Amino acid sequence: LASEPSHPTRIPSSVLIMPGGHSTVESKSPSFSEDASYIAQLNSVLDRRENIVVLMHASDLSHNRNDLWEKSGFEVSCGADPDDSASLSKLARWFRTYEFVTTNQIGSHLIYAAAAGCKVSIFGPPVEKDERESARNIIRRTNPELISVARIQAQVVTAKIKSLGL
(Lines give C-alpha, C1' and ligand atoms only; values in the text may rest on other atoms or scores of the structure.)
Protein backbone atom coordinates (compact mmCIF):
# COMPACT_ATOMS: atom_id res chain seq x y z
CA LEU A 1 0.00 0.00 0.00
CA ALA A 2 1.14 3.53 -0.74
CA SER A 3 1.85 5.65 2.30
CA GLU A 4 -0.06 8.85 2.87
CA PRO A 5 1.70 12.08 1.88
CA SER A 6 3.79 13.67 4.60
CA HIS A 7 3.78 17.13 3.04
CA PRO A 8 0.87 19.26 1.91
CA THR A 9 2.66 20.60 -1.20
CA ARG A 10 0.52 19.96 -4.27
CA ILE A 11 2.21 17.69 -6.81
CA PRO A 12 1.63 18.95 -10.37
CA SER A 13 -0.36 16.57 -12.61
CA SER A 14 -0.91 14.14 -9.71
CA VAL A 15 -4.11 12.07 -9.65
CA LEU A 16 -6.13 10.39 -6.90
CA ILE A 17 -8.52 7.74 -8.18
CA MET A 18 -11.39 7.03 -5.80
CA PRO A 19 -13.46 4.07 -7.04
CA GLY A 20 -17.10 4.35 -6.06
CA GLY A 21 -19.33 1.72 -4.57
CA HIS A 22 -17.29 0.97 -1.49
CA SER A 23 -18.24 -1.93 0.73
CA THR A 24 -19.19 -1.75 4.38
CA VAL A 25 -18.07 -3.68 7.39
CA GLU A 26 -21.35 -5.60 7.18
CA SER A 27 -20.74 -6.65 3.55
CA LYS A 28 -20.60 -10.41 3.31
CA SER A 29 -19.24 -10.76 -0.22
CA PRO A 30 -19.16 -7.39 -1.95
CA SER A 31 -18.99 -7.29 -5.72
CA PHE A 32 -16.51 -4.96 -7.36
CA SER A 33 -17.54 -6.09 -10.83
CA GLU A 34 -17.14 -2.60 -12.35
CA ASP A 35 -13.47 -2.39 -11.37
CA ALA A 36 -12.09 -4.29 -14.38
CA SER A 37 -13.88 -2.03 -16.87
CA TYR A 38 -13.01 1.05 -14.78
CA ILE A 39 -9.33 0.08 -14.88
CA ALA A 40 -9.56 -0.51 -18.65
CA GLN A 41 -11.13 2.92 -19.17
CA LEU A 42 -8.50 4.59 -16.99
CA ASN A 43 -5.74 2.77 -18.88
CA SER A 44 -7.15 4.18 -22.13
CA VAL A 45 -6.49 7.76 -20.94
CA LEU A 46 -3.52 7.40 -18.59
CA ASP A 47 -0.07 7.21 -20.09
CA ARG A 48 1.83 6.86 -16.83
CA ARG A 49 1.59 5.53 -13.26
CA GLU A 50 3.79 7.97 -11.33
CA ASN A 51 1.97 10.33 -8.96
CA ILE A 52 -1.25 8.36 -9.37
CA VAL A 53 -2.73 6.69 -6.30
CA VAL A 54 -5.99 4.79 -5.85
CA LEU A 55 -7.62 5.62 -2.50
CA MET A 56 -9.93 2.94 -1.17
CA HIS A 57 -12.26 2.76 1.77
CA ALA A 58 -10.83 0.67 4.61
CA SER A 59 -13.62 -1.91 4.26
CA ASP A 60 -12.69 -2.39 0.58
CA LEU A 61 -9.11 -3.14 1.59
CA SER A 62 -10.37 -5.69 4.11
CA HIS A 63 -12.23 -7.37 1.20
CA ASN A 64 -9.07 -7.32 -0.98
CA ARG A 65 -10.51 -4.93 -3.56
CA ASN A 66 -6.99 -3.56 -3.99
CA ASP A 67 -5.66 -6.81 -5.52
CA LEU A 68 -6.90 -6.19 -9.07
CA TRP A 69 -5.79 -2.56 -8.96
CA GLU A 70 -2.31 -3.46 -7.76
CA LYS A 71 -2.01 -6.26 -10.34
CA SER A 72 -2.87 -3.59 -12.92
CA GLY A 73 0.07 -1.47 -11.78
CA PHE A 74 -1.68 1.05 -9.55
CA GLU A 75 -0.50 2.14 -6.13
CA VAL A 76 -3.31 1.75 -3.59
CA SER A 77 -3.71 3.38 -0.20
CA CYS A 78 -6.39 3.64 2.48
CA GLY A 79 -8.71 6.62 2.18
CA ALA A 80 -11.64 6.79 4.58
CA ASP A 81 -11.57 4.57 7.63
CA PRO A 82 -14.45 4.82 10.09
CA ASP A 83 -12.28 3.24 12.80
CA ASP A 84 -9.54 5.87 12.48
CA SER A 85 -10.25 9.14 14.29
CA ALA A 86 -7.63 10.87 12.11
CA SER A 87 -9.20 9.63 8.86
CA LEU A 88 -10.57 13.02 7.75
CA SER A 89 -7.25 14.72 8.50
CA LYS A 90 -5.45 12.10 6.43
CA LEU A 91 -7.90 12.55 3.56
CA ALA A 92 -7.40 16.32 3.75
CA ARG A 93 -3.64 15.80 3.44
CA TRP A 94 -4.16 13.62 0.34
CA PHE A 95 -6.47 16.25 -1.16
CA ARG A 96 -4.04 19.10 -0.43
CA THR A 97 -1.20 17.12 -2.04
CA TYR A 98 -2.85 15.85 -5.25
CA GLU A 99 -4.01 18.08 -8.09
CA PHE A 100 -6.78 15.91 -9.59
CA VAL A 101 -9.38 13.58 -8.08
CA THR A 102 -11.44 11.30 -10.28
CA THR A 103 -14.16 8.85 -9.39
CA ASN A 104 -16.95 6.90 -11.04
CA GLN A 105 -19.55 7.78 -8.42
CA ILE A 106 -20.96 10.96 -6.97
CA GLY A 107 -20.28 11.15 -3.24
CA SER A 108 -18.96 13.23 -0.37
CA HIS A 109 -15.39 12.55 -1.50
CA LEU A 110 -15.99 14.91 -4.46
CA ILE A 111 -17.08 17.70 -2.11
CA TYR A 112 -14.07 17.19 0.17
CA ALA A 113 -11.68 17.13 -2.81
CA ALA A 114 -13.19 20.26 -4.40
CA ALA A 115 -13.13 22.10 -1.06
CA ALA A 116 -9.42 21.30 -0.78
CA GLY A 117 -8.81 22.79 -4.22
CA CYS A 118 -8.55 19.60 -6.28
CA LYS A 119 -9.79 19.52 -9.84
CA VAL A 120 -12.50 16.85 -9.73
CA SER A 121 -13.99 14.64 -12.42
CA ILE A 122 -16.50 11.85 -12.72
CA PHE A 123 -15.23 9.27 -15.17
CA GLY A 124 -15.74 5.58 -15.74
CA PRO A 125 -18.55 3.06 -15.60
CA PRO A 126 -21.36 3.99 -13.23
CA VAL A 127 -21.52 2.00 -10.04
CA GLU A 128 -24.48 -0.33 -9.80
CA LYS A 129 -25.63 -0.55 -6.21
CA ASP A 130 -26.65 -3.93 -4.89
CA GLU A 131 -30.16 -3.15 -3.69
CA ARG A 132 -30.08 -6.09 -1.26
CA GLU A 133 -26.95 -4.58 0.32
CA SER A 134 -28.57 -1.13 0.33
CA ALA A 135 -31.63 -2.55 2.06
CA ARG A 136 -29.45 -3.42 5.06
CA ASN A 137 -28.50 0.24 5.48
CA ILE A 138 -30.79 1.76 8.14
CA ILE A 139 -31.24 5.05 6.27
CA ARG A 140 -32.10 3.34 3.01
CA ARG A 141 -34.25 0.78 4.78
CA THR A 142 -36.40 3.52 6.36
CA ASN A 143 -36.31 5.66 3.19
CA PRO A 144 -36.37 3.22 0.25
CA GLU A 145 -37.08 6.04 -2.21
CA LEU A 146 -33.45 7.13 -1.79
CA ILE A 147 -32.30 4.18 -3.90
CA SER A 148 -34.29 5.34 -6.92
CA VAL A 149 -33.43 9.01 -6.26
CA ALA A 150 -29.71 8.18 -6.30
CA ARG A 151 -30.13 6.22 -9.53
CA ILE A 152 -32.04 9.10 -11.16
CA GLN A 153 -29.41 11.63 -10.00
CA ALA A 154 -26.63 9.53 -11.52
CA GLN A 155 -28.56 9.30 -14.82
CA VAL A 156 -29.17 13.07 -14.89
CA VAL A 157 -25.52 13.89 -14.18
CA THR A 158 -24.31 11.36 -16.77
CA ALA A 159 -26.67 12.81 -19.40
CA LYS A 160 -25.55 16.36 -18.58
CA ILE A 161 -21.87 15.41 -18.89
CA LYS A 162 -22.54 13.73 -22.25
CA SER A 163 -24.49 16.77 -23.48
CA LEU A 164 -21.50 18.98 -22.63
CA GLY A 165 -19.24 16.69 -24.64
CA LEU A 166 -17.10 15.82 -21.61
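Residues numbered from 1 in each chain as written. Predicted model: local features only at pLDDT ≥ 70, side-chain atom pairs only at ≥ 80, totals over all residues. Heavy atoms only, no water.

Peer 1: How should I be thinking about the packing of aromatic side chains in this particular structure?
Peer 2: Two aromatic rings are characterised by how far apart their centres lie and by the angle between their planes. In this structure the tally under the stated criterion is three aromatic pairs. A ring pair is formed by tryptophan 69 and phenylalanine 74, whose centres lie 5.4 Å apart and whose planes are at 65°; its orientation type is edge-to-face. For phenylalanine 74, a relative accessible area of 4% puts it in the buried group. Between tryptophan 94 and tyrosine 98 the ring centres are 5.6 Å apart and the planes differ by 45°, which places this aromatic pair in the tilted class. Tryptophan 94 sits in the buried class, given a relative accessible area of 2%. By relative accessible area, tyrosine 98 is classed as buried at 7%. Ring-pair connections join several aromatic residues into one group, and the members of that group are Tyr38, Trp69 and Phe74. Sitting above the plane of the phenylalanine 74 ring, arginine 49 keeps its charged end 3.9 Å from the centroid. (Phe/Tyr/Trp six-rings, centres within 6.5 Å; stacked < 30°, edge-to-face > 60°. Buried < 20%, exposed > 50% of the residue type's maximum accessible area, 1.4 Å probe, protein only. Lys NZ or Arg CZ within 6 Å of the ring centre and 35° of its normal.)

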